[in-house]
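One letter stands for each residue in the lines below.
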Amino acid sequence: MSQHRHPGTPSRAGVVPALPDLPEATVARLPEYLRALHAVAETGHETISSEGLSAAAGVNSAKLRKDLSQLGSYGTRGVGYDVALLIDQIEYVLGLTQRRAVALVGVGNLGHALAGYDGFATRGFRIAALFDADPERVGEEISGLIVKHIDELPRVAEEESLAIGVIATPAASAQRVADELVAVGVTSILNFAPCVLSVPDGVDVRKVDLAIELQILSFHEHRKASLTTLPATTGGSTLTALPGGLAAPDTQEAIGT
């Protein structure tokens, strides 16, 4: 099918184009599109409409069309997007055309589970090395890899050309581990430790805090529960009960905005 190609997208002829300058919000949604596209490809479908893809990815269709237009993908009216081509475009932009070597530091319960996760390999990543500082963990075999002591990081980083570091240590150890990863040339870090890392300019950190996500869900549960009760009103203002028996008007002024 015919599909417009922008200079910022890959070509099957092997030309290496420049990357498009994408907003962070768009970049954050591309993996969702890619996941949905792979699922569509597995069913044997060669094309998909923007409405179908937006539903599969859980994204507004207008937002999806705008995101994909920045890749140079406009689809064909009445036909939709070429699934294989769009997968190629998104994987290129996300840098998934090469398998990136990942170092996982910390093989406790969470780290052990991450080390055994098969999904990394199918999404363009290779867990190349496992590290820990606990002598009882060092030497353990997990998914075909032997856990090495963190002191071996410089040697392994050079041998494996480590690109990404995953920190699954306790919070107290995370900053030291981040410093060691940066020192061996790792400039992208995925942090599962419940803390904020301080890193130099040029080092990208993504933070995954499961407790924070649960707290956000707790807020939504609390809000939904509050909607089932009738609010107290005084002079037309809705009062929200606060801890300690206080009540604050449900207005912007009440929260200082």
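Calculation criteria
Residues numbered from 1 in each chain as written. Predicted model: local features only at pLDDT ≥ 70, side-chain atom pairs only at ≥ 80, totals over all residues. Heavy atoms only, no water. Helix = DSSP H or I, 4+ residues; strand = E, 2+ residues; numbered from the N terminus. Buried < 20%, exposed > 50% of the residue type's maximum accessible area, 1.4 Å probe, protein only. Contact = heavy atoms within 4.5 Å. Areas by Shrake-Rupley, 256 points an atom, 1.4 Å probe, with all protein chains shown as cover. Salt bridge = Lys/Arg side-chain N within 4 Å of Asp/Glu carboxyl O. Polar contact = N/O pair within 3.5 Å; in protein donor to acceptor, adjacent residues only side chain to side chain. Phe/Tyr/Trp six-rings, centres within 6.5 Å; stacked < 30°, edge-to-face > 60°. Axes fitted to C-alpha atoms, helices over the stretch in contact; angles between N-to-C directions. Left-handed = near helix turned anticlockwise from the far one by under 90°. 1 Å grid on protein atoms, 1.4 Å probe; cavity = no way out; pocket = protein on both sides within 12 Å on 5 of 7 lines; lining within 4 Å. Points joined across faces, edges and corners; volume = space filled by probe spheres on them. Nonpolar A, V, L, I, M, F, W, Y, C, P; charged D, E, K, R; others polar. Parallel < 35°, antiparallel > 145°, perpendicular 65-115°, else oblique. Pairing = 2+ DSSP bridges.

A. Representation of the overall build of the protein in the model. When you go through the protein residue by residue, the secondary structure sums to nine helices and 12 strands. When burial is assessed residue by residue, the protein has 34% of its 257 residues classed as buried. Looking at the protein alone, contacts between residues at least 24 apart form 55% of all its contacts between residues at least 6 apart. With the model as given, the accessible surface of the protein reaches about 15,300 Å², and the carbon-plus-sulfur share is 55%.

B. Spotlight on the pattern of salt bridges. According to the stated counting rule, one finds 10 salt bridges in the structure shown. With its nearest N and O atoms 2.6 Å apart, the salt bridge here joins Arg-29 to Asp-67. Taken together, the residues Arg-29 in helix α1 (residues 24–42) and Asp-67 in helix α3 (residues 61–69) connect sequence positions 38 residues apart. You can call Asp-67 buried: its relative accessible area is 1%.

C. Layout of the side chain of Asp-82. Of note, Asp-82 is situated in strand β2 (residues 81–82). Given the relative accessible area of 17%, Asp-82 is considered buried. Looking at Asp-82, its side chain comes within polar contact range of the main-chain nitrogen of Ala-84, at 3.1 Å. Looking at Asp-82, its side chain comes within polar contact range of the main-chain nitrogen of Leu-85, at 3.0 Å.

D. Quick look at helix α4 (residues 83–93). The element α4 is extensively covered by neighbouring structure, given that nine of its 11 residues are classed as buried. Along α4, the positions that sit buried rather than exposed are Val-83, Leu-85, Leu-86, Ile-87, Gln-89, Ile-90, Glu-91, Tyr-92 and Val-93. Summarising the contacts, the buried residues of α4 are in contact with α1, β1 (47–48), α2 (50–57), α3 and β2. The opening residue of α4, the one whose side-chain oxygen lies 3.1 Å from the backbone nitrogen of Ala-84, is Asp-82. Phi turns positive one or two residues past the end of α4, at Gly-95, with a value near 75 degrees.

E. Representation of the packing of aromatic side chains within the structure. One pass over the full model with this rule turns up one aromatic pair. Ring geometry for Tyr-117 and Phe-120: centres 5.0 Å apart, planes at 90 degrees, overall edge-to-face.

F. Quick look at the packing of α1 against α4. Closest axis-to-axis distance for the α1/α4 pair is 10 Å, and the angle between their directions is 145 degrees. Like other packed secondary-structure pairs, α1 and α4 cross with a definite hand, here left-handed. In contact with Leu-30, Tyr-33, Leu-34, Leu-37, His-38, Val-40 and Ala-41 of α1, α4 contributes Val-83, Leu-86, Ile-87, Ile-90, Glu-91 and Val-93.

G. Region of the structure containing the layout of surface pockets. Taken as a whole, the largest pocket encloses approximately 1,900 Å³ of empty space. What lines the largest pocket is a set of 36 residues, and nearest its centre among them are Pro-31, Leu-94, Phe-125, Leu-190 and Arg-206. Breaking the lining of the largest pocket down by element, the ones donating at least two residues are α1, β3 (100–105), α6 (119–122), β4 (125–132), β7 (164–167), β8 (188–191) and β9 (204–207). The element that contributes the greatest number of residues to the lining of the largest pocket is α1, accounting for seven residues. For the lining of the largest pocket, the per-class residue count stands at 24 nonpolar, three polar and nine charged.

H. Spatial organisation of α3. Of all the positions in α3, only Leu-64, Asp-67, Leu-68 and Ser-69 are classed as buried. Close packing links the buried residues of α3 with α1, α2, β2 and α4. Between the side-chain oxygen of the N-cap and the backbone nitrogen of Ala-62 there are 2.8 Å, and the N-cap of α3 in question is Asn-60.

I. Main features of the packing of α2 against α3. Interhelical geometry of α2 versus α3 gives an angle of 105 degrees and a closest axis separation of 9 Å. One way to sum up the angle between α2 and α3 is to call them roughly perpendicular. Contact residues: Ser-50, Glu-51, Leu-53 and Ser-54 in α2; Ser-61, Leu-64, Arg-65 and Leu-68 in α3. Its residues placed into classes, the contact of α2 with α3 shows three nonpolar, three polar and two charged.

J. Region of the structure containing the sheet that holds β9. Spatially, β5-β6-β4-β3-β7-β8-β9 is the arrangement adopted by the seven strands of the open sheet, whose pairing is mixed. Single-partner strands in this sheet number two, and they are β5 (141–142) and β9. As paired strands, β8 and β9 are joined by four bridges and run parallel to one another. If you follow Ile-189 over to β9, its bridge partner there is Val-205. Against the sheet, helix α8 (residues 171–183) contacts β3, β7 and β8, and its axis sits at roughly 170 degrees relative to β7.

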